[in-house]
Amino acid sequence: MVKLLTLFDDREFVVKKPTLLKKKTTCIIPKATKKIWRNLDEFNTFKYVTPYDIPQLKPYNGTIPKRLVPYCNLSKATDNDCPHFYIDDNRIPMMGQNIEYFTKRLARFPHVIAPDYTMYCGAPFAINLRSLFMNRSIACYWQEHGLHIIPSFNGGDAQTFDYCLAGLPKYSVIACGNVGVSRSIISLKLWKCLVEKAIKDLEPTALIIYGTKIEFAHPDDLPIYWYDDFIHSKLR
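None of these values were measured; they are calculated from a predicted model. (Residues numbered from 1 in each chain as written. Predicted model: local features only at pLDDT ≥ 70, side-chain atom pairs only at ≥ 80, totals over all residues. Heavy atoms only, no water.)

(A) Quick peek at the sheet that holds strand β12 (residues 224–227). Reading across the sheet, the 3 strands line up as β10-β11-β12 and stay open at both edges, with parallel pairing between neighbours. Either end of the sheet is taken by a strand with one partner, and the two such strands are β10 (173–177) and β12. Strand after strand, the sheet turns through a mean of 15 degrees between neighbouring axes, direction not considered. Two strands pair when backbone bridges link them, and strand β11 (residues 206–210) and β12 are joined in this way by 4 bridges, in the parallel orientation. Bridge assignment links I208 to a residue of β12, and that residue is Y225. Most of the contacts of helix α4 (residues 185–202) go to β10, to which it runs at about 170 degrees, and overall it touches β10, β11 and β12. (Pairing = 2+ DSSP bridges. Helix = DSSP H or I, 4+ residues; strand = E, 2+ residues; numbered from the N terminus. Axes fitted to C-alpha atoms, helices over the stretch in contact; angles between N-to-C directions. Contact = heavy atoms within 4.5 Å.)

Shown next, in the form of structure tokens:
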């Protein structure tokens, strides 16, 4: 008996190996998973970029948020705040399970930063590609349903730099987080290299950074907006 994971959640379903008397493989798939795959019908309207078929986001050049609020504290947010997902992955719901619910919940905000499921250093390619696809596909779904989404990027080790920016638009406001990168010299260097690569490849109109102020190379005329992470903002 083989256990598999669906693309959008961590629910396991079972694929029974056929015996010698059976010619077909039978799958037992929970109702929640069937609902997830019905949502995939709407993905046919997305534009995809090769080579990994990552959904292409539209640029955002609207107003800059006044305050960022983590999704896990959404109950304390005002209608003028901007939700973000620069939090531990365990605190981000698997939105693919009921994407319509999360779309309606976020619709009251003037802008939302795209999901930020983590791409890990040293993780298998398939795991990081799964995070990348979820980040872009959910954000693209929200754009298609009228939400004003600020594209966001992250990366793992240097090997992810070849594809971690896939699906992001050029000439757009973009966002990223850096919470915790200063704990390691290697993590700090990787983050700086990634941000500098994003600026070079995407030529953003503005950059939103959630976390600690860190010096890095950037054009003098690029507007950069820094936002304290939730812990540091409480300490001020």
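(B) Molecular detail of the side chain of T160. Position of T160 relative to the elements: it lies in the loop between β9 (149–150) and β10. You can call T160 buried: its relative accessible area is 1%. Here the side chain of T160 touches D157 through a polar contact of 2.7 Å, landing on its backbone oxygen. Excluding anything up to four places from it in sequence, T160 contacts M119, N128 and G155. (Buried < 20%, exposed > 50% of the residue type's maximum accessible area, 1.4 Å probe, protein only. Polar contact = N/O pair within 3.5 Å; in protein donor to acceptor, adjacent residues only side chain to side chain.)

(C) Representation of the packing of aromatic side chains. Applying the stated rule across the entire model yields 11 aromatic pairs. Taking the centre distance of 5.1 Å and the plane angle of 80 degrees together, the rings of F125 and Y163 count as edge-to-face. Residue F125 is found in helix α3 (residues 125–144), and its partner Y163 is found in the loop between β9 and β10; the two are separated by 38 residues along the sequence. For F125, a relative accessible area of 38% corresponds to the partly exposed category. An aromatic cluster is present here, built from Y71, F85, Y101, F102 and W142 joined pairwise through their rings. (Phe/Tyr/Trp six-rings, centres within 6.5 Å; stacked < 30°, edge-to-face > 60°.)

(D) Spotlight on helix α2 (residues 99–106). Within α2, burial applies to I99, F102, T103 and L106. Buried residues along α2 cover an arc of 105 degrees about the axis, so they all sit on one side. (Arc of directions from axis to C-beta.)

(E) Region of the structure containing the nonpolar core. Core analysis: the largest hydrophobic core is formed by 54 residues, its most contacted members being L106, W142, F153 and L207. Sort the elements by how many residues they give to this core and α3 lands first, with 9 residues. Not counting chain neighbours up to four residues away, the residues in contact with L106 comprise Y71, L74, P83, F85, V112, W142 and L147. Counting residues in hydrophobic clusters, the runner-up holds 12 residues, among them L68, Y86, A206 and I208. (Core = buried A, V, L, I, M, F, W, Y, C linked by side-chain atoms within 4.5 Å.)

(F) Focus on the packing of α2 against α3. For the pair α2 and α3, the least separation of the axes is 11 Å and the interaxial angle reads 60 degrees. Judged on the interaxial angle alone, α3 and α2 are oblique. For the pair α2 and α3, the crossing hand works out as right-handed. In this structure, α2 contributes I99, E100, F102, T103 and L106 to the contact, and α3 contributes I138, Y141 and W142. Looking at the contact of α2 with α3, its residues break down into 6 nonpolar, 1 polar and 1 charged. (Parallel < 35°, antiparallel > 145°, perpendicular 65-115°, else oblique. Left-handed = near helix turned anticlockwise from the far one by under 90°. Nonpolar A, V, L, I, M, F, W, Y, C, P; charged D, E, K, R; others polar.)

(G) Expanded view of the pairing of β11. With respect to burial, β11 is a largely interior element, 5 of its 5 residues being buried. Judged by which residues are buried, β11 turns out to be covered on both faces: A206, I208 and Y210 on one side and L207 and I209 on the other are all buried. As paired strands, β10 and β11 are joined by 5 bridges and run parallel to one another. Its bridge partner being in β11, G177 is matched across the sheet by Y210. This β-α-β element, β10 to α4 to β11, shows right-handed connectivity. (Right-handed = clockwise from strand over helix to strand, strands pointing away.)

(H) Here's a closer look at the side chain of D81. Within the secondary structure, D81 sits in the loop between β6 (68–70) and β7 (82–84). For D81, a relative accessible area of 5% gives the class buried. Of the polar contacts made by the side chain of D81, one reaches the side chain of R67; its length is 2.6 Å. A distance of 2.8 Å separates the side chain of D81 from the backbone nitrogen of T78, its partner in a polar contact. The contact partners of D81, leaving out residues within four places of it in the chain, are R67, V69, F109, P110 and H111.

Spatial relationships are all this shows, so hold off on functional conclusions.
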